[in-house]
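# Descriptive structure summary
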Amino acid sequence: MKGYPYREDYMLTHDIDWFFCHNGHAFHAASNGGVIPKEILSGMNSKIQETVYGMKEPEGVEVEINEYYIRNNVLIGQQNNAKDIEKQFTDYIVSFSAMAKKGFISLDRKEGNEYFWVARPKELGKVRVDMFDKIPKFEKMPVEVEILLD
Amino acid sequence: MTRQELFNAAYNKAGVIANSVIRRHHGNIPKYKDYPAAVISCSAKHSNIHKEEHSRSCQHYKFDFRILNLLKVIGNVDGPSNVKDCNNKVGHCAEPHAANEMIKTSMRLTVGDLEFSPAIRPRTRQIIQYCGNCKATFGL
Ligand SMILES: [Zn+2]
Ligand SMILES: [Zn+2]
């Protein structure tokens, strides 16, 4: 597999999907204009994106959304009528829940290099890890994830 | 244009970009490989013209002198800015790109005539804060 590294300028102006495995789980992260850890940006991410985008959704993956956190911390104060609030919520989660349907714990980045989870498979134990053999593995989490997975 | 019309223009552009990224997931050749971090719409007082642009670097991009003179106050285009606590490079935000496309539509426009929509993150369509550079440059 070949890919290309990202320039810093590009990272700071883009919201890039990147991927890693840790402790038997597969993660998707939205860079949201942040700098991607150097182990990831050193080459293969664009190829891994293609692999992931081409992956079929495994059957029977139910998705859980970190709804309370998103409504109360991420989207708070953006809209003022109920219809717009619901639309904002569905717009917000769509790209993350698509990744969770594929078996990823899906993260978004807030200020600093801290991430939080947005969507994940309800039963993590049911996700087959061998689907993710091309995705880089990390012993240590490469980013800070604010709300730890229980 | 009203504030609502400007917001709608930016929101719709964010949707078009997001859909283009998603279509790539289904094997089409994309215009956008990754989501840009932000899009914005820019218009001017008493004008029905509006221009939408997204965040990106400025290589091979030429700013009109009216925008360039403003940007120079915070630093050299493509370089770091002198605005405290803002890490964005000068000229890389959606705002200066959209302002530039808008101001080019008429020699009579000045930067004081420009009006901006809120900044929108295409992936999620959430409204995001203007950065320190853009606040300093355009008085947002
Ligand atoms: Zn630029
Ligand atoms: Zn800015």
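A few points on the structure. Please read these numbers as outputs of a predicted model, since none were measured by experiment.

Turning next to the coordination of the zinc ion (ligand 2). Residue and element names in this part refer to chain B. The coordination sphere of the zinc ion (ligand 2), as far as protein atoms go, consists of C93 (SG), C131 (SG) and C134 (SG), spread over 2.2 to 2.3 Å. Look at where the donors of the zinc ion (ligand 2) fall in the sequence and you get C-x37-C-x2-C. Here C93 is found in the loop between α2 (65-74) and α3 (94-103), whereas its partner C134 is found in helix α4 (residues 132-138), with 41 residues between them in sequence. Each of the two residues, C93 as well as C134, counts as buried.

Moving on to the packing of aromatic side chains. The final tally for this structure, using the stated rule, is 12 aromatic pairs over all chains. Here A:Y6 and A:Y10 contribute two aromatic rings whose centre-to-centre distance is 5.8 Å and whose plane-to-plane angle is 5 degrees, an arrangement assigned as stacked. You can call A:Y10 partly exposed: its relative accessible area is 24%. By way of ring pairs, the aromatic residues A:W18, A:F20, A:F27, A:Y115 and A:F138 are connected into one cluster. Over the ring of B:Y61 we find B:R56, and its NZ or CZ is 5.0 Å from the ring centre.

The next point concerns the pattern of salt bridges. In the structure shown here, the tally under the stated rule is 17 salt bridges over all chains. A salt bridge links B:D64 to B:R66; its shortest N-O distance comes to 2.9 Å. Several salt bridges converge on common partners, so that one network encompasses A:D15, A:D17, A:D108, B:R121 and B:R123.

Residues and elements named next belong to chain B. With 26 residues, the main nonpolar core has I40, C42, I67, A99, L114 and F116 as its most contacted residues. Looking at this core, the elements that each hand over two or more residues are β2 (39-44), α2, α3, β4 (114-116) and α4. For this core, the element with the most residues is α3, which contributes five residues. With residues near it in sequence (within four places) discarded, L114 still touches C42, S43, A44, I67, A99, M102 and I103.

With that out of the way, let us pick up the coordination of the zinc ion (ligand 1). All names here are of chain B. Summarising the metal site, the zinc ion (ligand 1) is bound by the protein donors C58 (SG), G91 (O) and H97 (NE2), whose distances to it range over 2.2 to 2.4 Å. Considered as a linear motif, the donors of the zinc ion (ligand 1) on their single chain read C-x32-G-x5-H. For the residue pair G91 and H97, the accessibility class agrees, reading buried in each case.

Time to look at the interface of chain B and chain A. At the junction of the two partners, chain B supplies 21 residues and chain A supplies 30 residues. Overall, the association of chain B and chain A removes approximately 2,300 Å² of surface from exposure, summing both partners, and the carbon and sulfur fraction of that is 41%. Run the count over chain B and chain A and you get five salt bridges. In this structure, the salt-bridge partner of B:R121 is A:D15, at a minimum N-O distance of 2.9 Å. Applying the counting criterion to the chain B and chain A interface returns 15 residue pairs in polar contact (both at pLDDT 80 or more). Of all elements in the fold, only α1 (3-24), β1 (35-36) and β6 (126-128) of chain B reach the threshold of two or more residues within the side of chain B that touches chain A. The sheet contact formed by strand β1 (residues 14-15) of chain A and β1(B) spans two bridges and is antiparallel. Bridging from a neighbouring strand, A:H14 pairs with B:P36 of β1(B).

Procedures and definitions
- Residues numbered from 1 in each chain as written.
- Chains lettered and ligands numbered in written order.
- Predicted model: local features only at pLDDT ≥ 70, side-chain atom pairs only at ≥ 80, totals over all residues.
- Heavy atoms only, no water.
- Donors = N, O, S within 2.8 Å, 3.2 Å for Na, K, Ca; no water.
- Helix = DSSP H or I, 4+ residues; strand = E, 2+ residues; numbered from the N terminus.
- Buried < 20%, exposed > 50% of the residue type's maximum accessible area, 1.4 Å probe, protein only.
- Phe/Tyr/Trp six-rings, centres within 6.5 Å; stacked < 30°, edge-to-face > 60°.
- Lys NZ or Arg CZ within 6 Å of the ring centre and 35° of its normal.
- Salt bridge = Lys/Arg side-chain N within 4 Å of Asp/Glu carboxyl O.
- Core = buried A, V, L, I, M, F, W, Y, C linked by side-chain atoms within 4.5 Å.
- Contact = heavy atoms within 4.5 Å.
- Buried area = accessible area lost by both parts, 1.4 Å probe.
- Polar contact = N/O pair within 3.5 Å; in protein donor to acceptor, adjacent residues only side chain to side chain.
- Pairing = 2+ DSSP bridges.

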